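Each chain, written out:
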Amino acid sequence: MADSAYTAWLADTRAGLTSVLIAADNDIVVELNQRAQADLVRTGQVDDSATAPIRNSLSVGRGDVIVTRRIDRAQPDGTSRSRLPVDGFARNGHRWRVERAHRDG
């Protein structure tokens, strides 16, 4: 199942579409994230020369797209409150493109 999902995601991504991988458990999430990032690094879409650590021993670099899964409610999202539908805070399910990665996260 994970292989089929990954193959479909990769085809969508290569076609310029927006696609999201969903997995049954965290182990599969980690596996899929590692595969996706390796492919995106190979094609130059993600820069892994400077990365920041995230959960589950993963890291992100410039160009990575991440989805908020566990938020710190007090963490502002860096955008104007007027651009967000509710109150200017990050929410689970928000998608982000990494523009800079700092080793301290």
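For the structure given in this document, a descriptive report is provided here.

Each value, and the rule that gives it
Residues numbered from 1 in each chain as written. Predicted model: local features only at pLDDT ≥ 70, side-chain atom pairs only at ≥ 80, totals over all residues. Heavy atoms only, no water. Salt bridge = Lys/Arg side-chain N within 4 Å of Asp/Glu carboxyl O. Helix = DSSP H or I, 4+ residues; strand = E, 2+ residues; numbered from the N terminus. Buried < 20%, exposed > 50% of the residue type's maximum accessible area, 1.4 Å probe, protein only. Phe/Tyr/Trp six-rings, centres within 6.5 Å; stacked < 30°, edge-to-face > 60°.

## Details of the pattern of salt bridges
Taken as a whole and judged by the stated rule, the model has three salt bridges. When the shortest N-O distance is used, the salt bridge between Asp39 and Arg42 registers 2.3 Å. Here Asp39 and its partner Arg42 are both found in helix α2 (residues 26-42), three residues apart, which amounts to about one turn of the helix. Given the relative accessible area of 14%, Asp39 is considered buried. Classification of Arg42 as exposed rests on a relative accessible area of 62%. Across the pair Arg62 and Asp47 runs a salt bridge whose closest N-O atoms are separated by 3.3 Å. Of this pair, Arg62 sits in strand β2 (residues 59-62) while Asp47 is found in strand β1 (residues 47-53), placing the two residues 15 residues apart along the sequence. On the accessibility criterion, Arg62 (45% relative accessible area) is partly exposed.

## Topic: the packing of aromatic side chains
As enumerated under the stated definition, the model contains one aromatic pair in all. Judged by centre distance (5.4 Å) and plane angle (35°), the ring pair of Tyr6 and Trp9 falls under tilted. One end of the pair is Tyr6 and the other is Trp9, both in helix α1 (residues 2-14) and three residues apart, which spans about a single turn. Relative accessible area serves as the criterion here: at 3%, Tyr6 is assigned to the buried category.

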